[in-house]
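Take a look at the letters that make up each chain.
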Amino acid sequence: MFVYADHAATAPLSKRALSAMLPFLEGGYGNASSVYAIARDARRALEAARKITAEALGAKPEEIYFTGGGTESDNWALRGVCEAKKDKGRHIVTTAIEHHAVLHTAEYLKKQGYDVTFLPVDKLGRVTPEQVEKALRTDTILVSVMAANNEIGVLEPIAEIGALCRAKGVLFHTDAVQAVGHVPLDLSAMEVDLLSLAGHKFGGPKGVGALYIRRGLRIPPLLYGGGHERGLRSGTENVAGLMGMAEALREAVENREEKNKRLTALRDKLIEGLSRIPYSFLTGDTENRLPGNVSFVFECVEGESMVLGLDLAGVCASSGSACSSGSLDPSHVLLAIGLPHEVAHGSLRLTLGEENTPEEVDYLIETVAGVVTRARSMSPLWDAATQTPTERFWGPGSLK
């Protein structure tokens, strides 16, 4: 059986998205910045995609700026605000569990003379509005907190944090790449100044995204050139990709509550099954998490070995460990929630999508259990752990 369980990495392209793209991959190849007929068709399609995206987010079309993806949107938000507000202050607040698109940009800004506060999170990966408020200073110009974590799926209180920032006169950005299309987000009712999204996380194509910039807020361009996107993001627009992203987003928000109810049931079934594996711990909040996210650590097993073992069994999954990117360090998210290095190395992330079935979840439970058992049978660490059990990190009930 083949099971795709890595939707947090990228979602399959939806059929509706593909259908929306095809006319602009075939005959409608005009440059939206030109003036002849097929270019005007491309321009109308581009603005239709902008309107669809805005409506799905509760925003206005003029607040949506198309980009090349979530990483670009995050970079533009942070660097743009810092450049625009540098005369007011040079202090930024973010969290220790942000995506690297935010963390590495923050580190870059530190080298440019900005002061960055990285807020800690609790064992479930949560940050509180009270923490943000305590971190604010007179020279704070930006707070950036992700809406949903890409590894452990925890949802952060961005509505409350946004309201706090607005009351304090501080701009608020949220990396909503994992949240858009999956959880309700109504920007007309939230105090969010900037929001990043990426099309391929909810069934659109790769290489397209958007940055929401609240009307009235002006930040400098990240890219200079021909003055596209009202002069703020130059580069010939990927009309086909943006049409696909917009249609995928429209599809994702249709009947989202009903779809999430089914997906949450599959998620909880998978969590219950994997929890029966000895020395296995769910990471992230049990309730306040993305509907398809299942993230575990398994003691005395390497995450990479689990991913490779699952691949041989036809399962696509990922590990929170960064070893696949050439680093021996475990996930910064798992370390931030307090996991010891040796435990954090045994991380596994399974993220479900709309096409997954109960039968596939049964197969995942059976297959993960087998992969973990085989890996432990070859591990001297497992023998030592079972012979001399100690109090485990994850609290009551963790020693099984």
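See the structure shown above.
Residues numbered from 1 in each chain as written. Predicted model: local features only at pLDDT ≥ 70, side-chain atom pairs only at ≥ 80, totals over all residues. Heavy atoms only, no water.

### Quick notes on the packing of helix α3 (residues 70-84) against helix α4 (residues 100-111)
Our working rule: Simply put, an axis is a line fit to the C-alpha atoms, just over the touching stretch for a helix, and the angle between two N-to-C directions goes from 0 to 180 degrees. Only DSSP runs of H or I reaching four residues or more are called helices, and only runs of E reaching two or more are called strands; each is numbered from the N terminus. Roughly parallel means an angle under 35 degrees; roughly antiparallel, over 145; roughly perpendicular, 65 to 115; everything else is oblique. The hand of a helix crossing depends on one turn: near helix anticlockwise from the far one by less than a right angle means left-handed, and clockwise means right-handed. Whether two residues touch is decided by their heavy atoms; if any such pair falls within 4.5 Å, the residues are in contact. All amino acids are sorted into three groups, where Ala, Val, Leu, Ile, Met, Phe, Trp, Tyr, Cys and Pro are nonpolar, Asp, Glu, Lys and Arg are charged, and the leftover types, Gly among them, are polar.
The N-to-C vectors of α3 and α4 enclose an angle of 30°; their axes lie 9 Å apart at closest approach. When the axes of α3 and α4 are compared, the pair comes out roughly parallel. When the axes of α3 and α4 are compared, the crossing they make is right-handed. Within the contact between the two elements, α3 uses Thr-71, Asp-74, Asn-75, Leu-78, Arg-79 and Cys-82 and α4 uses Ala-101, Val-102, Thr-105, Ala-106, Tyr-108 and Leu-109. Of the residues assigned to the contact of α3 with α4, the class counts are seven nonpolar, three polar and two charged.

### What about the sheet that holds strand β3 (residues 91-95)?
As a reminder of what qualifies: Strand pairing is assigned whenever DSSP identifies at least 2 bridges connecting the two strands.
Taken in spatial order, the seven strands of this open sheet run β2-β8-β7-β6-β5-β3-β4, and their pairing is mixed. The strands lining the two open edges of the sheet, one partner per strand, are β2 (64-67) and β4 (115-119). Averaged over all neighbouring strand pairs, the angle between strand axes comes to 20°, with direction disregarded. Inspection of the sheet shows β3 paired to β4 by five bridges, in the parallel sense. Bridge pairing in β4 places Thr-95 opposite Leu-119. Across the sheet, helix α6 (residues 158-168) lies against β5 (140-144) and β6 (171-175), angled at about 160° from β6, the strand it touches most. Against the sheet, helix α7 (residues 239-253) touches β2, β7 (194-198) and β8 (209-213), its axis set at about 70° to β8.

### Some details on the sheet that holds strand β9 (residues 280-282)
An order of β9-β10-β12 is seen for the three strands of this open sheet, with the pairing classed as antiparallel. Both outer strands of the open sheet, β9 and β12 (347-351), are each paired with one neighbouring strand and no more. Put simply, the sheet's adjacent strands are angled 25° from each other on average, direction ignored. With five bridges connecting them, strand β10 (residues 293-298) and β12 associate as antiparallel partners. Residue Val-297 lies in a different strand from β12, and its bridge partner there is Ser-347.

### A short note on the packing of aromatic side chains
The cut-off we apply is this: Two aromatic rings, drawn from Phe, Tyr or Trp (for Trp, its six-membered ring), form a pair once their centres lie within 6.5 Å of each other, and the interplanar angle then sorts them: stacked below 30 degrees, edge-to-face above 60, tilted otherwise. Three labels apply to residues, based on accessible area from a 1.4 Å probe with only protein chains included: buried if under 20% of the type maximum, exposed if over 50%, partly exposed otherwise in between. The criterion for a charge sitting over a ring is simple: Lys NZ or Arg CZ within 6 Å of the ring centre, and within 35 degrees of the ring normal.
Applying the stated criterion across every chain, the model contains three aromatic pairs. Seen in terms of ring centroids, Tyr-65 and Trp-76 are 6.0 Å apart; in terms of plane orientation they differ by 85°. Their pairing is edge-to-face. Taken together, the residues span a long stretch of sequence, with Tyr-65 in strand β2 and Trp-76 in helix α3 at a distance of eleven residues. Centre to centre, the rings of Tyr-279 and Trp-382 are 5.2 Å apart; their planes meet at 85°, and the pair counts as edge-to-face. Of this pair, Tyr-279 sits in the loop between α8 (256-274) and β9 while Trp-382 sits in helix α13 (residues 380-387), and the two are 103 residues apart along the sequence. No difference in accessibility class separates Tyr-279 from Trp-382, as the two residues are buried. One residue, Arg-90, lies across the ring of Tyr-114, its end atom 4.6 Å from the ring centre. Above the ring of Tyr-65, the side-chain terminus of Arg-230 is found at 4.0 Å from the ring centroid.

### Regarding α4
What counts, and what does not: Each residue after the first adds 1.5 Å to the expected span of a helix.
Helix length check: α4 (twelve residues) gives 16 Å between terminal C-alpha atoms against 16 Å at 1.5 Å per residue, within 8%. Where α4 is concerned, the buried positions are Ala-101, Val-102, Leu-103, Thr-105, Ala-106 and Leu-109. If you follow the buried residues of α4, they end up packed against α3, β3, β4, β5, β6 and α10 (332-336).

### Some words on the pairing of β5
As a reminder of what qualifies: Handedness is read with the strands pointing away from the viewer; a crossover is right-handed when the path from the first strand over the helix to the second is clockwise.
Judged by how many residues are buried, β5 sits mostly within the fold: five of five residues are covered. Of the strand pairs in this sheet, β3 and β5 are connected by three bridges, and their pairing is parallel. When the bridges of β5 are listed, His-91 appears paired with Thr-140. Relative to β6, β5 runs parallel, the two sharing three bridges. Opposite Ser-144, over in β6, you have His-173 as the bridge partner. Between the parallel elements β5 and β6, the chain passes through α6 in a crossover that is right-handed.

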